[in-house]
Amino acid sequence: MKGVDHLAHERNKTEFDVDAMKIVWAGSRHAFELSDRMARLVASDPAFQKDGRIRLGRKELFKNTLRKAAHAWKRILELHLTEEEAGWLRNFVDEPSFTDLHWGMFVPAIKGQGTDEQQQKWLPLAYKMQIIGSYAQTELGHGSNVQGLETTATFDPETDEFVIHSPTLTSSKWWPGGLGKVSTHAIVYARLITNGQEHGVHGFIVQLRSLDDHMPIPGITIGDIGMKFGNGAYNTMDNGVLTFDHIRIPRNQMLMRVLQVTREGKCVKSNVPRQLIYGTMVFVRQTIVADASTALARAVCIATRYSAVRRQFGSQDGGMETQVIDYKTQQSRLFPLLASAYAFRFVGEWLKWLYTDVTQRLQANDFSILPEAHACTAGLKSLTTTATADAIEECRKLCGGHGYLCASGLPELFAVYVPACTYEGDNVVLLLQVARFLMKTVSQLGSGKKPVGTTAYLGRVQDLLQCCCDVQTAEDWLKPSVVLEAFEARSARMCVARAQNLSKFENPEDGFAELSADLVEASVAHCQLIVVSKFIDKLQQDIPGKGVNRQLQNLCYIYALNLLHKYLGDFLSTGCITPKQASLANDQLRSLYSQIRPNAIALVDAFNYTDHYLGSVLGRYDGNVYPKLYEEAWKDPLNDSVVPDGYHEYIHPMLKQQLRNARL
Ligand SMILES: CCCCC/C=C\C/C=C\C/C=C\CCCCC(=O)SCCNC(=O)CCNC(=O)[C@H](O)C(C)(C)COP(=O)(O)OP(=O)(O)OC[C@H]1O[C@@H](n2cnc3c(N)ncnc32)[C@H](O)[C@@H]1OP(=O)(O)O
Ligand SMILES: Cc1cc2nc3c(=O)[nH]c(=O)nc-3n(C[C@H](O)[C@H](O)[C@H](O)COP(=O)(O)OP(=O)(O)OC[C@H]3O[C@@H](n4cnc5c(N)ncnc54)[C@H](O)[C@@H]3O)c2cc1C
């Protein structure tokens, strides 16, 4: 690092091996080296600079994104980057674009739902970017309710084709990223109709634009849906609108891994469950959990470094004022977010493992853990994105007034991140899916079916309904078994109480609708338990590096005890702990904040973010905030001239008018 390090005194306090922690954060030495190399490659390339992005008009902004995406692709080819390296490179370019949907959804949809033949035909084209794909599921009238989609795909046996049609305004595809201006193809979700019969929603590969001149295929109307929240932010993406007027595609362009349509228009089911049509969503939800920790870590890195730089009050003798990070209120807001970043990292790692395991089992025709995979990806996507969106806003407040400046990087990060609470499944809708899974699990307990995986604790429900927390001192809250039992008991008791209330309704669906707000709370409790338990599992691993495990332990207990404090109502009302034990948990939490404090800067350094990626004056590695903030202000176009445009038209006449009035 060049220049003076204004945070050197902070870094000198570190009690653990930061380089070892960087590897823990990255997941492996291989992942660390690879991501580090790609981050530096992007940061050192002027073509990827991000300055001034928020000030560009939509057209310029979008063209700039196209330029960066094309440059990224050129570098990927020139450097012969692997798929993994290319993914990291795109990640550090840090600008949402059509490539996210192409690689993140179009390709996975073909891989997951296409037959071997379809994969052989389409994947090479997609890998070479000879076609660019998007994922067109959501419509103007329906997003959450996938079975309510209106676009139709009617089989015409005479020509061996499907006719894709938008029968109503509300059936217009609406939102798909990359669709508005770029994609040549899309996976279009439509109601399959053969021989006059409906067979539910399926995916179809549809060409949208000419590969020669990019004009829409006749019968297709396509465009961008307009500006979205925030400057810059997600406006680099061309979310699109699309309608079909009887567009014909060959029969073999229906993704047929789940259901085949024969030449005669007969539907033949494969042995794969129907839910696999939703498989791409499971895949992407899993990646969104990993991305949550990345976004949260960015915000926390900015807020932590700035909190160590910023000083307010406390100087009675003309000495230095207090660093705001030393205020207990600042710590109690910031350190749980730091702990959450690590917690989400580890649960994301585990979820990736679960997803890989499910994929392998599916290939061997074992579909038994699909419901669990669906519940975990849906629930954790919901939990982590809600927490991250809230945390970015909290980090902005933690940075005081300067956090509101775009130069802090936080407004754009918030604007880019917050739709994660909606896309890939509205977060409440997803928690309701978890609730269905939990209620089903509880209802099967009596039948002797043993719950497994993340619901295994419900198999011990009788014990958990009766257990008493035996915490007597604040230190007792540092025992993994104690923390786990409290979270398991809270979740089990909430699930059982909800199930008992549900059983009072004659019609379970009526009961589910009436109790849905309570059910969502049980889902949150269950998902928080998963995160806590995966963090505790992580601590059991042999983690090399001086002091690293100690820091992780502190973070784990901060994560868990802060939740206990925040959701005290649940823990007390279900009788899992007493008010006295809750108070001891709080004492322990304060002590943990003091232990984390000297390591806070090093713990965010371990994220290994370049200044380019952070894009924040407040979060600069060297802590040289004020001169750079001052410098940044003068770059604003308003400061191009000393007297602003409009002075002569509007300000001067007004001043003169007042002068005249004063004279009268
Ligand atoms: C910057 C870096 C980029 C990197 C790129 C990588 C990745 C991308 C990362 C970031 C994202 C970037 C861009 C954003 C892209 C956003 C894309 C989108 O938003 S695509 C659209 C997503 N849409 C949704 O998520 C819709 C939400 N709705 C649903 O998921 C479902 O329809 C439903 C609400 C879950 C259920 O509907 P319903 O009640 O009608 O139930 P059924 O459909 O009848 O299902 C019943 C049965 O099926 C089970 N089930 C449901 N979903 C799944 C699933 N996904 N997998 C497995 N099983 C599922 C459900 O549990 C029921 O089971 P059972 O009770 O046993 O009958
Ligand atoms: C930035 C962005 C990018 C996107 N990219 C894509 C893409 O590439 N491809 C694509 O196909 N789609 C995309 N989408 C669409 C996205 O997947 C949907 O917006 C999302 O699934 C939510 O659906 P909805 O808009 O229909 O919300 P709605 O379901 O209309 O939600 C509105 C409100 O109703 C509530 N609600 C809905 N159903 C229920 C229920 N059963 N019980 C209780 N409450 C309920 C919700 O909680 C919410 O508060 C994108 C969206 C955004 C914002």
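Residues numbered from 1 in each chain as written. Chains lettered and ligands numbered in written order. Predicted model: local features only at pLDDT ≥ 70, side-chain atom pairs only at ≥ 80, totals over all residues.

1. With respect to the overall build of the protein
In terms of helices and strands, the protein carries 23 helices and eleven strands. For the protein, whose C-alpha radius of gyration is 27 Å, the value lies close to the compact-globule estimate of 26 Å for 664 residues. Its C-alpha atoms give the protein principal-axis dimensions of roughly 90 × 75 × 65 Å. Of all intrachain contacts in the protein linking residues separated by at least 6 positions in sequence, the fraction that spans at least 24 positions is 74%. (Helix = DSSP H or I, 4+ residues; strand = E, 2+ residues; numbered from the N terminus. Rg over C-alpha atoms; globule rule 2.2 N^0.38 Å. Contact = placed C-beta atoms within 7 Å.)

2. Remarks on the site of ligand 2
Around ligand 2 sit 22 residues in total, of which Gln 137, Thr 138, Gly 143, Ser 144 and Trp 175 are the nearest. Counting only elements with at least two residues in the shell around ligand 2, the list comes to β1 (133-136) and α12 (427-443). Residue contributions to the shell around ligand 2 peak at three residues, all from α12. For the shell around ligand 2, the class distribution of residues is eleven nonpolar, nine polar and two charged. (Near = placed C-beta within 6 Å. Nonpolar A, V, L, I, M, F, W, Y, C, P; charged D, E, K, R; others polar.)

3. A few points about the site of ligand 1
Around ligand 1, 29 residues are found, and the nearest of them are Gly 104, Val 146, Gln 275, Tyr 278 and Gly 425. Looking at the shell around ligand 1, the elements with two or more residues in it are α6 (98-113), α8 (279-309), α10 (370-398) and α12. Sort the elements by how many residues they give to the shell around ligand 1 and α8 lands first, with six residues.

4. Focus: α6
Across its 16 residues, α6 extends 21 Å between first and last C-alpha, which sits within 8% of the 22 Å expected from 1.5 Å per residue. Burial analysis of α6 places twelve of its 16 residues in the buried class, the great majority of the element. Listed in full, the buried residues belonging to α6 are Phe 98, Thr 99, Leu 101, His 102, Gly 104, Met 105, Phe 106, Val 107, Ala 109, Ile 110, Gly 112 and Gln 113. (Expected span 1.5 Å × (residues − 1). Buried ≥ 20, exposed ≤ 12 C-beta atoms within 10 Å, placed from the backbone.)

5. Some words on helix α5 (residues 83-93)
Buried within α5 we find Trp 88, Leu 89, Arg 90, Phe 92 and Val 93. Those residues of α5 that are buried are in contact with α3 (29-43), α4 (58-78), α6 and α21 (611-614). Note on α5: the residue one or two positions beyond its end, Asp 94, has a positive phi of about 60°.

6. As for the domain arrangement of the protein
Domain boundaries assigned for the protein yield domain 1 (133-270) and domain 2 (454-605). Computed over C-alpha atoms only, the centres of domain 1 and domain 2 are separated by 43 Å. (Domains from an automatic or database assignment.)

7. Thoughts on the UniProt feature "binding site: FAD" (unreviewed entry) in the protein
The positions UniProt marks with the feature "binding site: FAD" (unreviewed entry) are Thr 138 and Gly 177. For the residues just named, distributed over 40 residues, the greatest C-alpha separation is only 10.6 Å, placing them together at one site. Relative to the helices and strands, Thr 138 is located in the loop between β1 and β2 (152-156). The exposure class assigned to Thr 138 is partly exposed, which follows from the 18 C-beta atoms found within 10 Å. For Gly 177, the location among the structural elements is in the loop between β4 (173-174) and β5 (185-194). According to the C-beta neighbour criterion, Gly 177 is buried, with 25 such atoms within 10 Å. (UniProt positions renumbered as here; feature names shortened; annotations may be inferred.)

8. Focus on unusual backbone geometry
Residue Met 129 is not a glycine yet carries a positive backbone phi of 55°. Residue placement: Met 129 occurs in the loop between α7 (116-127) and β1. In this structure Met 129 comes out as partly exposed when scored by C-beta crowding, with 17 C-beta atoms within 10 Å. In this model, His 214 sits at a positive phi of 70°, which is unusual for a non-glycine residue. The residue His 214 is located in the loop between β6 (197-207) and β7 (220-224) in this model.

9. Describing the sheet that holds β7
In spatial order, the strands read β4-β8-β7; together these three strands make up an open sheet with antiparallel pairing. Since the sheet does not close on itself, it has two edges, and those belong to β4 and β7, each with one partner. In the sheet, β4 pairs with strand β8 (residues 240-244) via two bridges, with the strands oriented antiparallel. Each residue of the ladder has a partner; that of Lys 173, found in β8, is Leu 242. (Pairing = 2+ DSSP bridges.)

10. A short note on the confidence of the model for the protein
Low pLDDT marks regions whose predicted coordinates should not be analysed in detail. Summary statistics for the protein give a mean pLDDT of 96 and a share of 99% for residues scoring 70 or more. Interface confidence in the predicted complex, given as ipTM, is 0.97; pTM for the same model is 0.97. (pLDDT = per-residue confidence, 0-100.)

11. Some thoughts on the packing of helix α9 (residues 328-363) against helix α17 (residues 548-566)
Direction vectors running N to C along α9 and α17 enclose 110°, while the axes themselves pass 8 Å from each other. In terms of orientation, α9 and α17 fall into the roughly perpendicular class. Here Phe 335, Pro 336, Leu 338, Ala 339, Ser 340, Tyr 342 and Ala 343 of α9 lie close against α17, whose contacting residues are Leu 552, Leu 555, Ile 558, Tyr 559 and Asn 562. Its residues assigned to classes, the contact of α9 with α17 comprises ten nonpolar, two polar and no charged. (Axes fitted to C-alpha atoms, helices over the stretch in contact; angles between N-to-C directions. Parallel < 35°, antiparallel > 145°, perpendicular 65-115°, else oblique.)

12. Considering the packing of α10 against helix α16 (residues 516-540)
Taken N-terminus to C-terminus, the directions of α10 and α16 make an angle of 90°; their axes are 10 Å apart at the nearest point. One element, α10, and the other, α16, form an angle in the roughly perpendicular class. Along its contact with α10, which presents Cys 376, Gly 379, Leu 380 and Leu 383, the element α16 presents Ser 523, Val 524, His 526, Cys 527, Gln 528 and Ile 530. Along the lines of polarity and charge, the residues of the contact of α10 with α16 split into six nonpolar, four polar and no charged.

13. Here's the deal with the environment of Val 261
Its place among the elements puts Val 261 in strand β10 (residues 259-261). For Val 261, a count of 22 C-beta atoms within 10 Å puts it in the buried group. With ten residues separating them in the primary sequence, Val 261 and Arg 251 have C-alpha atoms 7.7 Å apart. With sequence-adjacent residues up to four places away left out, Val 261 is seen in contact with Phe 155, Thr 194, Arg 251, Met 254 and Cys 267.

14. As for the UniProt feature "domain: Acyl-CoA oxidase C-terminal" (unreviewed entry) in the protein
When the UniProt feature table is mapped onto this chain numbering, "domain: Acyl-CoA oxidase C-terminal" (unreviewed entry) sits at residues 480-656. Along residues 480-656 the backbone is 72% helical and 0% strand, and the end-to-end C-alpha distance reaches 73 Å.

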